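So the chains spell out like this:
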Number of protein chains: 4
Amino acid sequence: MAAAGEQRIAWIRTRMGMLANLRERFAAERPFEGVTIGLSLHVEPKTAVLVETLAAGGARIVGTGNHGSTQDDVVAALQERGMTIFGRRDDSIEEHHRNLARTIAERPQILLDNGADLAALAVREGLAESLIGGTEETTSGAFRLREEMDGEVPFPVIVINDSPLKAIGENRHAVGQSAVESFMRLTNVQVPGRRFVVAGYGWCGRGIAQYLRALGGRVSVAEIDEIAAYEAAFDGFRVAPLAELAGSADVIITATGRAGILTAEHLDLLQDGAILGNIGHFPWEIDVPALTAAGTVSAVTEEIDAITLPGDRTVYLLTGGRMYNLAGTAPRGNSIESMDVGFMMQALSLERIALQAANLPTGPQPVPDDINRHIARQTLTLLGSALA
Amino acid sequence: MAAAGEQRIAWIRTRMGMLANLRERFAAERPFEGVTIGLSLHVEPKTAVLVETLAAGGARIVGTGNHGSTQDDVVAALQERGMTIFGRRDDSIEEHHRNLARTIAERPQILLDNGADLAALAVREGLAESLIGGTEETTSGAFRLREEMDGEVPFPVIVINDSPLKAIGENRHAVGQSAVESFMRLTNVQVPGRRFVVAGYGWCGRGIAQYLRALGGRVSVAEIDEIAAYEAAFDGFRVAPLAELAGSADVIITATGRAGILTAEHLDLLQDGAILGNIGHFPWEIDVPALTAAGTVSAVTEEIDAITLPGDRTVYLLTGGRMYNLAGTAPRGNSIESMDVGFMMQALSLERIALQAANLPTGPQPVPDDINRHIARQTLTLLGSALA
Amino acid sequence: MAAAGEQRIAWIRTRMGMLANLRERFAAERPFEGVTIGLSLHVEPKTAVLVETLAAGGARIVGTGNHGSTQDDVVAALQERGMTIFGRRDDSIEEHHRNLARTIAERPQILLDNGADLAALAVREGLAESLIGGTEETTSGAFRLREEMDGEVPFPVIVINDSPLKAIGENRHAVGQSAVESFMRLTNVQVPGRRFVVAGYGWCGRGIAQYLRALGGRVSVAEIDEIAAYEAAFDGFRVAPLAELAGSADVIITATGRAGILTAEHLDLLQDGAILGNIGHFPWEIDVPALTAAGTVSAVTEEIDAITLPGDRTVYLLTGGRMYNLAGTAPRGNSIESMDVGFMMQALSLERIALQAANLPTGPQPVPDDINRHIARQTLTLLGSALA
Amino acid sequence: MAAAGEQRIAWIRTRMGMLANLRERFAAERPFEGVTIGLSLHVEPKTAVLVETLAAGGARIVGTGNHGSTQDDVVAALQERGMTIFGRRDDSIEEHHRNLARTIAERPQILLDNGADLAALAVREGLAESLIGGTEETTSGAFRLREEMDGEVPFPVIVINDSPLKAIGENRHAVGQSAVESFMRLTNVQVPGRRFVVAGYGWCGRGIAQYLRALGGRVSVAEIDEIAAYEAAFDGFRVAPLAELAGSADVIITATGRAGILTAEHLDLLQDGAILGNIGHFPWEIDVPALTAAGTVSAVTEEIDAITLPGDRTVYLLTGGRMYNLAGTAPRGNSIESMDVGFMMQALSLERIALQAANLPTGPQPVPDDINRHIARQTLTLLGSALA
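Conventions and cut-offs
- Residues numbered from 1 in each chain as written.
- Chains lettered and ligands numbered in written order.
- Predicted model: local features only at pLDDT ≥ 70, side-chain atom pairs only at ≥ 80, totals over all residues.
- Heavy atoms only, no water.
- UniProt positions renumbered as here; feature names shortened; annotations may be inferred.
- Contact = heavy atoms within 4.5 Å.
- Buried area = accessible area lost by both parts, 1.4 Å probe.
- Salt bridge = Lys/Arg side-chain N within 4 Å of Asp/Glu carboxyl O.
- Polar contact = N/O pair within 3.5 Å; in protein donor to acceptor, adjacent residues only side chain to side chain.
- Helix = DSSP H or I, 4+ residues; strand = E, 2+ residues; numbered from the N terminus.
- Nonpolar A, V, L, I, M, F, W, Y, C, P; charged D, E, K, R; others polar.
- Least-squares fit on C-alpha atoms with pLDDT ≥ 70 in both.
- Core = buried A, V, L, I, M, F, W, Y, C linked by side-chain atoms within 4.5 Å.
- Buried < 20%, exposed > 50% of the residue type's maximum accessible area, 1.4 Å probe, protein only.
- Axes fitted to C-alpha atoms, helices over the stretch in contact; angles between N-to-C directions.
- Left-handed = near helix turned anticlockwise from the far one by under 90°.
- pLDDT = per-residue confidence, 0-100.

Taking an unreviewed UniProt entry as the reference, chain A is identified by name as Adenosylhomocysteinase belonging to Mycetocola tolaasinivorans. Taken verbatim from the UniProt record of chain A, the Sequence similarities (unreviewed entry) comment is "Belongs to the adenosylhomocysteinase family." Turning to chain A, the UniProt annotation filed under Cofactor (unreviewed entry) states: "NAD(+)".

Dropping the structure here:
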């Protein structure tokens, strides 16, 4: 199984040019010599390249995958290299919590955290004082650190998701690309001329709407915020309530970050053949229980369910309402290069923590500006561009 | 195995709305009652929906897949329904020729042909007089009928590929869509900002170049025909010789219909990491033997080979130089709706042959104008549009 | 006045690079030495550059402007150089016919014709035998030569409008550009987010629809031909009858080549503030008499009339229903470079007539392929591109 | 002259739907009854519609145009309506300062300011205490209020330019549109296939680059800020130093907000025929003195100068290096609707000052969120859209 994981990691590694260069520098400079880094992250081939880069810098690696997304062959590959990785795809939530506890029990000095799970556990168990610092990948983790744990975190935590590089490169462009790629891969449906409705015009919604339109889709937008709706209108989209758009939509994609966007009230409006998918982080933007309760469900492919509704209409739900660009049997997720950017921010922020934590304020904070600019310059080089 | 084939056919069937309606009419009117249709075509889920539509019209079905592309589970599904289908994925070319002979031996009255294989065999074996007529899917088959067999075909053959519906809907838009979909699916590589070179600016090349640019790719075009190059330049692309573009290309895609486009002379120019793919019908646009002879080859994924060239450069070849949107382990191919258009032309042309062959000239001829217009109107309806 | 004309010609001349090079060659080779060329064409700064190029080749120039479009300062500038140019902006139709007669009376050997006016006159007056040949700029002239005068023209006439270079460079791209440029220049109205209806999806309509959408317009198409409508739908436009679209249109642009597209039946549907413009060659696509009869007309700018309709609605008509990209006080028309292409076809076709008429068939015929390809190659160079 | 001004105002007024509605409400509610508003703004037809809206609300209007941009016929039209407007197009800078002093001498209670000229004068002359408050249109005025006059302004000043509505609607979309409109209007040059360089990728540069590319231009970007350059690269543009791009540029447009972007060091690189234009607020982005010193200058049109440089090269400068979308003989400027948005912010902010100044903090402050949202909702309605 480790061999299978290694092969999947190999292609990814060849396209992560910035991390490749960084591994060479880390191997020479060993910024993490003698340091244990505790991880909580999605364990899949792209993250494996991040983890091996940290290890090349001298770090001892302990950690756990996220609940439900762990890829067992990648775990095996990492374990075979001597890392201490907990977790399997089929872990129960209780087992996952035990894995977090096991990670903390290994006494990491630095955390690479996701949703602030490790930081919260460290604070609760009184181990925070022994921590140098860490990074936090997600907005929801940043929210937790800033609101629930306000003032309780006695070490610096660099929040990756706040970086403008991430908003531009990942949230808009990479999610836009993966939203159209995954839609086409899962459905084989024609995009040009089709009527799409995108609910939500934040960074992700903007990317999805713009990429679908670029491919010839006839895209409308549903949005409740005046300023975002105004931007969508100037960007050339029809903006209207979902209830007004649903009746003529061939495809509806939710990307709002909120619950209950496509609900029971819309079911009567959907036309026969409509396809429903969600790109938002949480699986409750489409009210799947309401949808399945209203009709008869049957699987038509591994990733598509048909739901027969009253009125002789069948609608199709992608990957059970979970992020259809990341769920299913062989998801591609965001482009490799966009993750190279994101993981460079992780690796360099962790290095900053390791070497200069004393000079940083405690608590959550943005990625240092010089790190953003350094990565931006390197990305330009990889894209054949250069600063003036 | 038949069950697996049936499940793969099911999703396709739900999105082929025009064929669905036609099946109902055919079932009522039985235009092929008592007629045997001999097939030579790709056997995969989309074509299965065409074949079942012909069967619904009363036809007895005999036939064979194309060499190398036959999908065994779909064959099994069709056989289980009582059709006489020859061929397996692993057939040798000799077995394939035997399958063509077996098909002709079943004495079909109408041919659904591909590359004019059945027509040529029927003429050679003196069975042409008993044929009512047929259709031909491909340009290369039409060429063979018009040049090699000029005047020898004593029955009408409607050439599907000549239709403007096919040039617009399939060659430009559907190939454009599948070229970007398959590139992203196979590589997970970022499109926006990447430098692409498209060799060839015919219908397919135009589609590929325009879809890649729509997704943010920086696209240049190589083209030898002055008029096509002029169109590419007005369409906003840089046009230059491949030898001039190759050195800064991240991705090179050939779509010319000719052999020897990307050859040994370009190998020294390629930059480290370049990805090479072909969308042209034949696998000799990229000179794969020259490429593999010049370096060391290793598989990095099931569909991508790494070729290490002199000068510490590794380039990547998609699906061995075969059409990367149709080859590999789980190709999507052109969008379902575009094939609904193409197969409607097949089905209605075959019906025209069955019912009115006496009123048609003999030899190759375009799809009747009224059939094109009928399908165009129906397509508009499916896309939520209508004629003035 | 001649000075004013010269200054307007100067800028144009600097951007017509192909004609500039050709003038040098013509001056050296004198292909028209001793030949009188009779002209019937729009006399404006761009055509002046063509005419001076022919003169540089040794031609004696006689001719007349078209009825209603002659620019007097350009006439003066050409006369001052010794050319015999008839016609003024305010000529009556009778005076225009006299100008045609005067042109023929000068016994030209070669015609540069527009609408076949000179050719018809020469044939009618029995002078055709003394003519070497000529060119015809327009589709309507080609129609007249091919239908009304079929077999009557004993000299070769090269029809410029048939060239693919013209369809691509001028009809689609240059008209598309000038349609958006002129709309913005005349109205100062915001394009992104506005709802446009384009009636007609031929070469011009495609250009207009695509350029408006590129600028963020929400564009729908009205079209009566199934194949063109099918292309519009695949190109991502909503296609619907004009009567269905008119009620929510902010702007309606006709480009069909037919009369009576926007008529009395649509007036009740128009919303307050709607802007109406025509790009088609003839001014009867919008039924202006019906429009003005239904309401009260007042000029709001030199090029825009307000028409107050029943129901407290005011709609706005651009340039009286004439081609709004060519009419009005200071029209820009098609881009200079696109006219450089068109006039290169004129100049090289006239040279071909002068030097090789004996080798050409008589009657209307397309631009020789080698001339198209020569110009295409030169255009590529000017755009910084090159053939493979 | 007043009549000429009125006619130019009339068309504008018909397309400023939000201000039209507001005038009705103001006329009924008279929020400025008894209040004198002192103006310092560009006096041209669009601003006239703002001024008449304020007058409809009961305000007594006194004020002056900006130096150099005052349109005399519009001044005449406003004076004829009884407003006290100072300034003429040809005023010297001393006369302009006198006009500001005259405006302040009329003792306005509220200021509509531009560059903080009126506010600075009021503070300097000890009249600040009698002021209720005001608005400031520009970034440079906001800078002056925040930096130079920090703490000195004892009344609230709402800064219009900070609003997201302005960044989106005006800086990106309206400037983008006017940059392409004005380029085409001034030059009549073909956009598709041409190589453009845009210097600066801020809000304006993004708009310009994206609109030029949308029309088929081959656009590269020069940018010195890493994050902006990274965004340009992900948006699909080649990013490179201006010195690298200048040699193959057909057109260079500066939009950086800084001085000395296109300088003497680039002159040797420019190719024959290159067109140079500036969209940045200040006329020193192109170093015009260096350019004219290096060659021979002659006017080719009213808005285009030819500069013959060593090496037999002629380059062309638009409107003397001033904002070419606002300068010249008949500039269109930003779309009417975008100014309707901007002036709604002015009018509603001034109303807020008039009615609720006591509830506002003193000093510079953003447009109140509820005003932004109110205008965004109304804009959606005008564009045929609606909030969810």
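Anyway, onward from the coordinates.
**Student:** Honestly, the interface of chain D and chain C in this entry has me stumped. Any pointers?
**Tutor:** By a frequent convention, interface size equals the accessible area lost on bringing the separate parts together. At the interface, 42 residues of chain D touch 42 residues of chain C. Summed over both partners, the interface of chain D with chain C buries about 3,800 Å², with 52% contributed by carbon and sulfur atoms. Together, Trp-11, Asn-188 and Leu-383 of chain D form the three largest contributors to the area buried by chain D at its contact with chain C, with a combined 19%. Between the two partners, chain D and chain C, sit 2 salt bridges. The interface formed by chain D and chain C includes 26 residue pairs in polar contact (both at pLDDT 80 or more). Taken together, the elements giving at least two residues each to the side of chain D that touches chain C come down to α1 (2-15), α8 (164-187), α9 (203-214) and α14 (336-356) of chain D. In terms of residue count, α8 of chain D provides more of the side of chain D that touches chain C than any other element does, 7 residues in total. Partitioning the side of chain D that touches chain C into residue classes produces 17 nonpolar, 16 polar and 9 charged.

**Student:** I'm lost on the relation of the copies chain A and chain B in this one. Help?
**Tutor:** Turning one copy of the chain about an axis and sliding it along that axis gives the other copy, so a rotation and a shift relate them. When chain A is fitted to chain B, the best match, at an RMSD of 0.1 Å, comes from turning it 180° and sliding it 0.0 Å along the axis. In the structure described here, the two chain copies are related by an operation that fits a two-fold rotation axis. Here 100% of the contact residues of chain A are again contact residues in chain B; the copies associate through an equivalent surface.

**Student:** Sorry, what's going on with the nonpolar core here?
**Tutor:** Here is a general trend for soluble globular proteins: nonpolar side chains tend to be buried in one another's company. In this structure, Ile-37, Leu-54 and Phe-183 of chain C together with Ile-37, Leu-54 and Phe-183 of chain D are the most contacted members of the largest nonpolar core, which totals 180 residues. In this view, Leu-54 of chain D contacts Phe-26, Phe-32, Ile-37, Leu-39, Ala-59, Ile-61, Leu-112, Ala-347 and Leu-350 of chain D; residues no more than four positions away in its chain are not counted. Counting residues in each nonpolar core, the second largest holds 179 residues, with Leu-165, Tyr-201 and Tyr-211 of chain A together with Ala-357 of chain B among its members.

**Student:** Could you clarify how one ought to interpret the relation of the copies chain D and chain C in this entry?
**Tutor:** With an RMSD of 0.1 Å, the operation that places chain D on chain C is a rotation of 180° combined with a shift of 0.0 Å along the axis. A shared interface surface links the copies, since 100% of the contact residues of chain D are contact residues in chain C too.

**Student:** Before we go on, may I ask you to explain the packing of helix α14 (residues 336-356) of chain C against helix α15 (residues 369-382) of chain C in this structure?
**Tutor:** Relative orientation and spacing of two packed helices are given, respectively, by the angle between their axes and the distance between those axes. Residue and element names in this part refer to chain C. Two numbers describe how α14 lies on α15: the axes approach to 10 Å, and their chain directions differ by 145°. In this structure, α14 meets α15 at a crossing whose hand is right-handed. For the pair α14 and α15, contact is made by Asp-340, Val-341, Met-344, Met-345, Leu-348, Ser-349 and Arg-352 and by Asp-370, Ile-371, Asn-372, His-374, Ile-375, Gln-378, Thr-379 and Leu-382, respectively. Tallied by class, residues from the contact of α14 with α15 come to 7 nonpolar, 5 polar and 3 charged.

**Student:** In this structure, what is going on with the confidence of the model for chain A? I would like to understand it.
**Tutor:** Fine structural detail should not be taken from predicted coordinates in areas where pLDDT scores are low. Looking at chain A, the pLDDT average stands at 94 and 100% of residues meet or exceed 70. In the predicted assembly, ipTM is 0.94 and pTM is 0.95.

**Student:** Looking at this structure, how should I read the interface of chain A and chain B?
**Tutor:** Opposite the 42 residues of chain A that make contact, chain B presents 42 residues. Carbon and sulfur atoms supply 52% of the area that chain A and chain B bury against each other, a total of about 3,700 Å² over both sides. Of all residues in chain A, Trp-11, Asn-188 and Leu-383 of chain A bury the most surface against chain B, accounting for 19% of the area lost on that side. At the boundary of chain A with chain B, the tally comes to 2 salt bridges. Ionic pairing is found between Glu-337 of chain B and Arg-194 of chain A, a salt bridge with its closest N-O pair at 2.8 Å. The interface formed by chain A and chain B includes 28 residue pairs in polar contact (both at pLDDT 80 or more). Elements with a minimum of two residues in the side of chain A that touches chain B: α1 (2-15), α8 (164-187), α9 (203-214) and α14 (336-356) of chain A. Among the elements that line the side of chain A that touches chain B, the one with the most residues is α8 of chain A, at 7 residues. Split into classes, the residues belonging to the side of chain A that touches chain B amount to 17 nonpolar, 16 polar and 9 charged.

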